[in-house]
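# An overview of the molecular structure
Residues per chain, in single letters:
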2 protein chains.
Amino acid sequence: MTHDLSAQLHVIGQHARHAARQGARASTAAKNRALTFAAAALRRDQSTLLEANARDVTQARLHGQDDAFIDRLTLTTHSIDAMAEGLEQIARLPDPVGTLTGLQPRPSGIQVGKMRVPLGVVAIIYESRPNVTADAAALCLKSGNACILRGGSEALHSNQAIARALHEGLQHAQLPADLVQVLPMTDRQAVDILVTLTQWIDVIVPRGGKGLIERVSGLARVPVLKHLHGVCHTYVDDSADIPLALRVCDNAKTQRYGTCNTMETLLVHQAIAPSLLPALAEIYLAKGVELRGDESTCALIPQAIAAQETDWSTEYLAPILSIRVVSHLDEALDHIAHYGSQHTDAILTNNWENAQRFLREVDSSSVMVNTSTRFADGFEYGLGAEIGISTDKLHARGPVGLEGLTSEKYVVLGHGEVRGG
Amino acid sequence: MTHDLSAQLHVIGQHARHAARQGARASTAAKNRALTFAAAALRRDQSTLLEANARDVTQARLHGQDDAFIDRLTLTTHSIDAMAEGLEQIARLPDPVGTLTGLQPRPSGIQVGKMRVPLGVVAIIYESRPNVTADAAALCLKSGNACILRGGSEALHSNQAIARALHEGLQHAQLPADLVQVLPMTDRQAVDILVTLTQWIDVIVPRGGKGLIERVSGLARVPVLKHLHGVCHTYVDDSADIPLALRVCDNAKTQRYGTCNTMETLLVHQAIAPSLLPALAEIYLAKGVELRGDESTCALIPQAIAAQETDWSTEYLAPILSIRVVSHLDEALDHIAHYGSQHTDAILTNNWENAQRFLREVDSSSVMVNTSTRFADGFEYGLGAEIGISTDKLHARGPVGLEGLTSEKYVVLGHGEVRGG
């Protein structure tokens, strides 16, 4: 059984590898044609998609999944249209593949430059959100990669219906169907095997909760592009503008609670804390945000409760905020280095030197001055779309878009030069 | 015992992580001062270095190591001077850290750009070549990283003597000694533990034979920057210039036999084979190169022996060359995709379209037109020096220099913007 499963996955991997060579040399026009045709097919097949999705939703309810789960799983005419629109947007983005940069002559006579090329085969492992199927496939296709999609088992019918539209697009553009493969098997073991297929897969992108990402990273032999969690900080320096700080700190925490770029810990310079924290607390408390502070914070905000050690490293994903008063910038930097998740951290300041130090010294995938951590997002950064966010150090950091799905190889142009010495 | 070893390595990792923060914010001037002072210390302490090295060499001989091993291990006044010169060269290279590029305004009002930053802590695992100690430490230091060096146990005294010179340089520049740590323990198990310390180490660079690299990759939980082997191809297209092809093919195979960028397989278009192969065989045979060919090759070169299937995927690192005649470009591309190692491959051609297809479609870290694969090298590419060559797809491909020891984080500059929607 395991042996069969492994053999099946090897075949899928081999097909992906084969298709990836064709994806890498596909023209921009062909890739865009596939995407726009697939978008049209999604709109045309709306009712079939809704039917397939209804089967998944019924099953999920029978299995006792909660409302949040059902909500993420459910497709509507609106969400199908948004998926189609997403494909069209990706078709409009510039194609990164084949760009040749930095071609320079060397003393030997050769010219050396770099060409941007697809990674090859990308496997995306995600939960029961059918829209990820369309998004991820489109980003991989546009960047010249083959993809293997493993969505949550509860979304299988929806994902297969979406894949049919994508395959129609590929066929229409005379590109191989194996550029987009949705894994048909729903057992967990399939993922455990998939992430070890270094021969066929170049990168794994897990998208979902911490549990999924930890499991995938723990077993993977293929490199993983991921972010585990987001414990994002805002540090309010003593020279910060108070109205600006009130507006930005409010937004960073309360604009959405469940996202990875939401602020979870607020650090405040002791000199500004008395004039900032009471007014800020009023805003938070009016919105029902629970405040957990260190001693100095609790002295300034009577409604705050005492923070525990674990609070400083917790990603609440909820209307809860931990607050600490620090005596200088270095204490804030130390706090972030110790408790942070290298996701996104911001300083609010009017002090040039402190802004520069924060930008340089905070080792996170996004570092910000005078704005909300909520901006850490592929669309907001101008990437057009993102396949995920990486808090790893190698390859791409922060929101990963089309460029993050490519890398650069060296190109050497000669005229018969040979190496001496 | 294992537990003690693990605890010791955790302490080393923690010290490296701590030092890395200081390395990341060190000024270019301080880093260069450390390097040039260390170079002076190496020259000044020549006799101490030679003594320490003599102890290692004596031990290695007692352990029955062969001449090639002893040769790599042995330091001379000349090689010490070359090491010092290497440090000075790295001091003269531009500092990649802190470069801010692509800062652009977004519709929301924020400006988004990317800043180049060190990876953090780099562990280098290598064999008994003491010069790697100086090289690797210098590249890591200049790129703002802390490094943990684990050289072959037979070179321990030499490595520690070199480390003393590096530490003098660090002290002179008021940088922490823990930026360069040479592992004092010589047991293999130390490596096995080291490569799993994801908390303290950001990237592992194994340098050495295939055995070492396979073992490290197999056990590592920390990302690995590596190349496993180099089965490099030269494809001679039908339109190639014959004198150019003779010169380049000779150089690619015979300039040095034991390097990873040496050509191991020659592919020749059937239309040019009769006019090229006999003349080329003469050159190779005069230099004692054994030729292993497919049927068509053997028909054209009487001295060639029949190649076995395994020849096509073998990195000989020796005066042996496999040769295959192909009927068109696509057959060459398929051969390289199937048997290649994604290291370095070259086409010799006067056909523009074929050159373009080769450059685009061969998925190797270096692709070349009309020149020798032997040029795949950090110095030849203008990187100044290399910490290694990567044939992986993520992060850096090809020769990895200072830039490959860094990555880019997002920098977001605002004026109080908040996210809407």
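Placed above this text is the structure.
Let me sum up the structure you'll find in this document. Each chain carries its own residue numbering, running from 1 in the written order of its sequence. Labels are handed out in written order, letters beginning with A for the chains and numbers beginning with 1 for the ligands. Local features in a predicted model are, by the rule used here, given only for residues with pLDDT of at least 70; side-chain atom pairs are given and counted only at 80 or more, and totals for whole chains, interfaces and linings are based on all residues.

### Comments concerning the packing of helix α2 (residues 28-44) of chain A against helix α5 (residues 77-92) of chain A
Residue and element names in this part refer to chain A. Structural elements are reduced to axes, namely lines fitted to C-alpha atoms, with helices fitted over the stretch in contact, and the angle between N-to-C directions of any two is expressed from 0 to 180 degrees. Secondary structure elements are defined from DSSP: runs of H or I of at least 4 residues count as helices, runs of E of at least 2 residues count as strands, and each element is numbered from the N terminus. Packing of α2 against α5 leaves a shortest axis separation of 8 Å and a crossing angle of 170 degrees. As judged from the angle between their axes, α2 and α5 are roughly antiparallel. Judged by residue contacts, Asn-32, Leu-35, Thr-36, Ala-38, Ala-39, Leu-42 and Arg-43 of α2 engage Ile-80, Asp-81, Met-83, Ala-84, Leu-87, Glu-88, Ile-90 and Ala-91 from α5. Residue polarity is assigned by list, with Asp, Glu, Lys and Arg as charged and Ala, Val, Leu, Ile, Met, Phe, Trp, Tyr, Cys and Pro as nonpolar; anything else, Gly included, falls into the polar class. Here the residues of the contact of α2 with α5 sort into 10 nonpolar, 2 polar and 3 charged. Roughly parallel means an angle under 35 degrees; roughly antiparallel means over 145; roughly perpendicular covers 65 to 115; every other angle is labelled oblique. Any two residues are considered in contact once their C-beta atoms, placed from the backbone, lie within 7 Å.

### Quick look at the interface of chain A and chain B
How big an interface is tends to be expressed through the accessible area that disappears when the partners come together. Each side of the interface is counted separately: chain A has 58 residues, and chain B has 58 residues. Among the secondary structure elements, those contributing two or more residues to the side of chain A that touches chain B are α1 (2-25), β2 (111-118), α10 (242-254), α14 (352-361), β13 (366-371), α15 (378-381) and β16 (406-417) of chain A. In terms of residues, the side of chain A that touches chain B owes the most to one element, β16 of chain A, which gives 11 residues. Class assignment for the residues of the side of chain A that touches chain B results in 23 nonpolar, 19 polar and 16 charged. Following DSSP output, two strands are said to pair if at least two bridges run between them. As paired strands, β16 of chain A and strand β13 (residues 366-371) of chain B are joined by 5 bridges and run parallel to one another. The residue of β13 of chain B that forms the bridge with Val-412 of chain A is Met-368 of chain B.

### Thoughts on the sheet that holds strand β6 (residues 203-207) of chain A
All names here are of chain A. Ordered by their spatial adjacency, 4 strands build an open sheet running β5-β4-β3-β6, and the pairing between neighbours is parallel. Strands with a single pairing partner mark the edges of an open sheet, and in this sheet they are β5 (180-182) and β6. Strand-to-strand twist across the sheet, computed as the mean angle between neighbouring axes with direction ignored, equals 20 degrees. As defined by bridge partners, strand β3 (residues 121-126) adjoins strand β4 (residues 146-150) across 5 bridges and the pair is classed as parallel. Residue pairing for β4: Ile-124 is matched across the bridge by Leu-149. Relative to the sheet, helix α7 (residues 156-172) contacts β4 and β5, its axis offset from that of β5 by approximately 160 degrees. Packing of helix α9 (residues 210-219) onto the sheet brings it into contact with β3 and β6, and relative to β6 it is tilted by some 160 degrees.

### What to know about unusual backbone geometry
Positive phi, close to 60 degrees, is recorded for Gln-342 of chain A, a residue that is not glycine. Relative to the helices and strands, Gln-342 of chain A resides in the loop between α13 (329-339) and β12 (344-348). Every C-beta atom is placed from the backbone, and the number of other C-beta atoms within 10 Å of a residue's own sets its class: buried at 20 or more, exposed at 12 or fewer, partly exposed in between. Judged by the 23 C-beta atoms lying within 10 Å of it, Gln-342 of chain A falls in the buried class. Positive phi is not limited to glycine here, since Asn-370 of chain B has a value of about 55 degrees. The residue Asn-370 of chain B is located in strand β13 in this model. Given 23 C-beta atoms within a 10 Å radius, Asn-370 of chain B is considered buried.

### What about the nonpolar core?
Among buried residues, those of type Ala, Val, Leu, Ile, Met, Phe, Trp, Tyr and Cys that are joined through C-beta atoms within 7 Å form a set called a nonpolar core. Core analysis: the biggest nonpolar cluster contains 266 residues, and Ile-204 of chain A together with Ile-204 of chain B have the highest contact counts within it. With near-sequence residues (within four places) excluded, Ile-204 of chain A lies in contact with Ala-123, Ile-125, Val-195, Val-216, Ala-220, Val-222 and Val-224 of chain A.

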